[in-house]
Amino acid sequence: MKAMILAAGRGERMRPLTDFTPKPLLKVAGKALIEYSIENLAEAGYRDIVINLAYLGRQIRDHCGDGRRWKVSIQYSDEGEVALETAGGIAKALPLLGDEPFLVVNADIIFDYPLADLRDKTIDLAHLLLIDNPPHHPLGDFCLRPNGLLSEQGGTKLTFSGIGVYRPALFKTVSAEQPLKLRPVLEQAMQQGKVSGEKFAGLWVDIGTPQRLRELDAMAIG
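This is a predicted model, so every value here is computed, not measured.

**Student:** Would you mind showing me how to read the pattern of salt bridges here?
**Tutor:** Where charged atoms from two side chains of opposite charge come close, those side chains can pair. A full pass over the atoms with the stated rule returns ten salt bridges. Where Lys-23 meets Asp-108, a salt bridge forms, and the shortest distance between an N and an O atom there is 2.8 Å. Remark: Asp-108 occurs in the loop between strand 6 (102-106) and strand 7 (109-111) and Lys-23 occurs in the loop between strand 1 (3-6) and strand 2 (27-28); sequence separation between them is 85 residues. Comparing Lys-23 with Asp-108, the two get one shared label, buried. Notably, a salt bridge pairs Glu-39 with Lys-31, separated by 2.9 Å at the nearest N-O pair. According to the relative accessible area criterion, Glu-39 is partly exposed, its value standing at 22%. The class for Lys-31 is buried, based on a relative accessible area of 18%. Within the structure, one salt-bridge network assembled from shared partners comprises Asp-141, Arg-183 and Glu-187.

Here you go:
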């Protein structure tokens, strides 16, 4: 299974830290955020990784290179100056991701979920990792039904972690040239009963603000 790291966002909430440095290259415990994702993928046996680029993307490409130092192969999907959002970015990267299900991970999260568990996951169109709602996202995103399927309504909502497995068919109607968020694509698939999920209760931190970055750095993750 191939994997994709989402690294194209501008990181507006992280300004001024991201005025001259892309968010995935901000450091925690002396290591760039994106390196944690690459290391997690490498340790879980993912050898082919795609990273999407937009804002200050050259810096990310220069920092990560071809992936040799992590014993993986990295390819890049360059979206130009304007990021295509999650669904648009994935659609653009499909030629690099192939015809089989693939894993997608946000570049700005720290977690200890065992990604190897997702390598052989049987899915319909998508399988999402959910967490308890963090303080900065109290209303959650989706409901996890007893049968393992996700819905927009019908129970207590959990938060999407930014970790998911997708089939290319999920993005068959998504333009690779126009920005589009992931949520409407998932909602359409949920209405068809084709999105499953699971809850994760381990370490998960979204580095969305300078304060959260400082707090995580103080924890000396690494």
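Back to the write-up after that little detour.
**Student:** Any chance you could explain the side chain of Glu-198 here in plain terms?
**Tutor:** The topology assignment puts Glu-198 in strand 12 (residues 195-199). For Glu-198, the side chain forms a polar contact with the side chain of His-127, separated by 2.7 Å. Beyond its immediate stretch of four places on either side in the chain, Glu-198 contacts Tyr-113, Leu-118, Lys-121, His-127, Leu-128, Leu-129, Leu-130 and Leu-144.

**Student:** Hey, could you run me through the pairing of strand 8 (residues 126-131) in this one?
**Tutor:** Two faces make up the sheet, and in a regular strand the side chains alternate between them. Of all six residues making up strand 8, six are buried, and the element is well covered by its neighbours. The side-chain alternation of strand 8 yields two buried faces, one formed by Ala-126, Leu-128 and Leu-130 and the other by His-127, Leu-129 and Ile-131. Direction of pairing for strand 8 relative to strand 11 (residues 157-166): antiparallel, over a ladder of five bridges. Bridge pairing in strand 11 links Ala-126 to Tyr-166. Taken together, the five bridges between strand 8 and strand 12 define a ladder with parallel strand orientation. Its bridge partner lying in strand 12, His-127 is registered against Ser-196.

**Student:** Explain helix 2 (residues 57-64) here, please?
**Tutor:** Residues three or four positions apart in an α-helix share a direction because the helix packs 3.6 residues into each turn. Turning to helix 2, its buried residues number three or more, namely Gly-57, Ile-60 and Cys-64. One side of helix 2 carries all its buried residues, which in axial view fall inside an arc of 60°. The exposed residues of helix 2 that point more than 90 degrees off its buried face are Arg-58 and Asp-62. In the segment just after helix 2, Gly-65 is the residue with positive phi, at about 60°.

**Student:** Which parts of the structure should I look at to understand unusual backbone geometry?
**Tutor:** Most peptide bonds adopt trans geometry, and most residues besides glycine take a negative phi value. Not every positive phi belongs to a glycine, and Leu-56 is a case in point at roughly 50°. In this structure, Leu-56 sits in the loop between strand 4 (48-53) and helix 2. According to the relative accessible area criterion, Leu-56 is partly exposed, its value standing at 28%. One non-glycine residue, Glu-85, lies in the positive phi region at around 65°. Topologically, Glu-85 is positioned in helix 3 (residues 85-97). Residue classification places Glu-85 among the partly exposed residues on the basis of a relative accessible area of 37%.

**Student:** So what exactly am I meant to see when it comes to the nonpolar core here?
**Tutor:** Grouped burial of nonpolar side chains is what soluble globular proteins tend to show. Ranked by size, the top nonpolar core spans 35 residues in total, and within it Ile-34, Ile-38, Ile-51, Leu-103 and Leu-115 carry the most contacts. Contact partners of Leu-115, with chain neighbours within four places excluded, come to Asn-40, Leu-41, Ala-44, Tyr-46, Leu-103 and Ile-163. Judged by nonpolar contacts, the second largest core, of 29 residues, contains Val-104, Ala-126, Phe-142 and Ala-189.

Analysis parameters
- Every residue gets a number counted from 1 within its own chain, in the order that chain's sequence is written.
- Given that this is a predicted model, residues contribute local features only at a pLDDT of at least 70 and side-chain atom pairs are listed and counted only at 80 or more, while totals for whole chains, interfaces and linings are drawn from all residues.
- For the side-chain quantities, the full set of heavy atoms in the structure was used; hydrogens and water were omitted.
- A carboxyl oxygen of Asp or Glu within 4 Å of a side-chain nitrogen of Lys or Arg is what we treat as a salt bridge.
- Under the DSSP-based scheme used, a helix requires at least four consecutive residues in state H or I and a strand at least two consecutive residues in state E, with every element numbered from the N terminus.
- Summary of the burial criterion: residues with accessible area below 20% of their type's maximum are buried, those above 50% are exposed, and those between are partly exposed, where the area comes from a 1.4 Å probe applied to protein chains only.
- Polar contacts, as counted here, are pairs of nitrogen or oxygen atoms within 3.5 Å of one another; within protein the pair requires one atom able to donate a hydrogen and one able to accept it, and residues that are adjacent in sequence qualify only if both atoms are side-chain atoms.
- In what follows, a contact means two residues having at least one pair of non-hydrogen atoms within 4.5 Å.
- Any two strands with at least two DSSP bridges between them are considered paired.
- Here the arc refers to the directions that run from the helix axis out to each C-beta atom.
- Only buried residues count toward a nonpolar core. Its members are Ala, Val, Leu, Ile, Met, Phe, Trp, Tyr and Cys residues joined through side-chain atoms within 4.5 Å.

Spatial relationships are all this shows, so hold off on functional conclusions.
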